[in-house]
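# Fold and geometry: a report
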Amino acid sequence: METMRMFSPALARDLAALGRVNEGTSIESVLRGITGAVAVGVPGCAGGAAELRRDERLMFSASHSDLIALVDREQALGEGPSLEALATRRSVLVPDVLLDTRWPRYAATAVRHGVRATLVLPIAIEDATLVLGLYAVRPGAFTGGSADPLAALLTEHLTVALANISEYDEVLTDAAQLQEALAGRSVIDQAKGIIMHASGCSAEAAFDELRRLSQHHQVKVADLARLLVSEHQSKHGGAAPS
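Keep in mind that this is a model prediction, so the values were computed, not measured.

Each helix and strand in the chain was counted, giving eight helices and five strands. Secondary structure elements in the chain, listed N-terminal to C-terminal, are α-α-β-β-α-α-β-α-β-β-α-α-α. With 242 residues in all, the chain has 40% of them scored as buried. Excluding contacts between residues fewer than 6 apart, the proportion of contacts in the chain whose partners are at least 24 apart in sequence is 61%. When the accessible surface of the chain is summed, it comes to about 13,100 Å², and 53% of that surface belongs to carbon and sulfur atoms.

Soluble globular proteins tend to bury their nonpolar side chains together. If you look at the biggest cluster of nonpolar residues, it comprises 34 residues, and the most contacted ones within it are Ile 34, Leu 121, Leu 130, Leu 134, Phe 142 and Leu 154. When residues of this core are traced back to their parent elements, those giving at least two are helix 1 (9-17), helix 2 (27-41), strand 1 (47-54), strand 4 (117-125), strand 5 (128-136) and helix 6 (148-199). Considering every element that reaches this core, the biggest residue donor is helix 6, with seven residues. If near-sequence neighbours (up to four positions away) are discounted, Leu 154 is found in contact with Leu 15, Ile 34, Val 38, Leu 121, Ile 123 and Leu 132.

Secondary-structure assignment places Asp 96 in the loop between strand 3 (92-94) and helix 5 (104-112). Judged by its relative accessible area of 12%, Asp 96 falls in the buried class. Apart from residues no more than four positions distant in its own chain, Asp 96 is found in contact with Arg 116 and Pro 139.

Judged from the six bridges that link them, strand 1 and strand 2 (residues 57-62) form a sheet pairing that is antiparallel. In the sheet register, Arg 54 faces strand 2, and the bridge partner there is Arg 57. Connecting strand 1 to the antiparallel partner strand 2 that follows it, the hairpin turn spans two residues, and Asp 55 within it adopts a positive phi of roughly 50°.

Nonpolar side chains collect at one region of the surface, where Leu 98, Leu 99 and Val 111 lie side by side and expose about 300 Å² of accessible area between them. With respect to the secondary-structure elements, Val 111 resides in helix 5.

All right, on to the packing of helix 1 against helix 2 then. Close contact between helix 1 and helix 2 brings their axes to 9 Å; oriented N to C, the two are set at 170°. In terms of orientation, helix 1 lies roughly antiparallel with respect to helix 2. Here Leu 11, Asp 14 and Leu 15 of helix 1 lie close against helix 2, whose contacting residues are Ile 34, Ala 37, Val 38 and Gly 41.

What counts and what doesn't
The numbering scheme is per chain: residues are counted from 1 as the chain's sequence reads. Residues qualify for local features only when their pLDDT is at least 70, as the model is predicted, and side-chain atom pairs are given and counted only at 80 or more; totals for whole chains, interfaces and linings, by contrast, use all residues. To obtain the side-chain values, all non-hydrogen atoms of the structure were included, while hydrogens and water were left out. A run of H or I in DSSP becomes a helix once it reaches four residues, and a run of E becomes a strand once it reaches two; helices and strands are each numbered from the N terminus. Exposure is judged per residue with a 1.4 Å probe applied to protein chains only, and the accessible area is read against the type maximum: over 50% gives exposed, under 20% gives buried, and values in between give partly exposed. Any two residues whose heavy atoms approach within 4.5 Å at even a single point are treated as in contact. For the accessible areas, the method is Shrake-Rupley and the probe is 1.4 Å, while residue cover comes only from the protein chains on display. Nine residue types can take part in a nonpolar core, namely buried Ala, Val, Leu, Ile, Met, Phe, Trp, Tyr and Cys, and a core is a set of them joined through side-chain atoms within 4.5 Å. Two strands form a pair only when DSSP identifies at least two bridges running between them. Within the patch definition used here, like charges are joined within 9 Å and nonpolar side chains (Val, Leu, Ile, Met, Phe, Trp, Tyr) within 5 Å, considering only residues with over 30% relative accessible area and no salt bridge. In the sections that follow, a salt bridge refers to a side-chain nitrogen of Lys or Arg positioned within 4 Å of a carboxyl oxygen of Asp or Glu. Only the contacting stretch of a helix is used when fitting its axis, a line to C-alpha atoms as for every element, and angles between N-to-C directions run 0 to 180 degrees. The scheme is simple: roughly parallel for angles under 35 degrees, roughly antiparallel for over 145, roughly perpendicular for 65 to 115, oblique for anything else.

What follows is the structure in structure tokens.
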């Protein structure tokens, strides 16, 4: 039987859940979710580490602190399966770190952290690259089958999760900009009321004066309006006249 085809149905369910975005969802939380999901849903896997490279940003998460230390050490040594997978864009399997001769210094570190087998999957997702490491405490845990089905499953769900996060962030940004625009309009109306009350002019003339002053002082109309309202309230108290 092929080990990598035997990931549990719970893995697909847990990965699908990462695509359901809410206020607390972030790329970091998705990475944590992935590492936890593979640790539970892949037979023989005791822990996972995920490194996402996107827009020159590097984000990292791991299911256990020992794996954080192991990946940090791999980076410091400049050798190991994660670096190999990133460089070649191919999956890297280490059936038994004690028998593997490619990265002796990495192997010694891995054994100290209780790792005996490693499978690293590089996954390309649009403008991002995910390097996912699966770690086992016994040798041979990831041998006997193709890792392609697991890589395809991860690619599918991570693509959805990242797209949903981007769309959600855009919605929040649009809402914030709308709120800011509404707040700016409100304070401008208050500032116009102050000018109208002081000079007896029309609303149109008050706005023209506000715009003239903003150009003269090279500040935004809304910022000038806030300053005018703030000064009026500090001198007279209460809301500005309408």
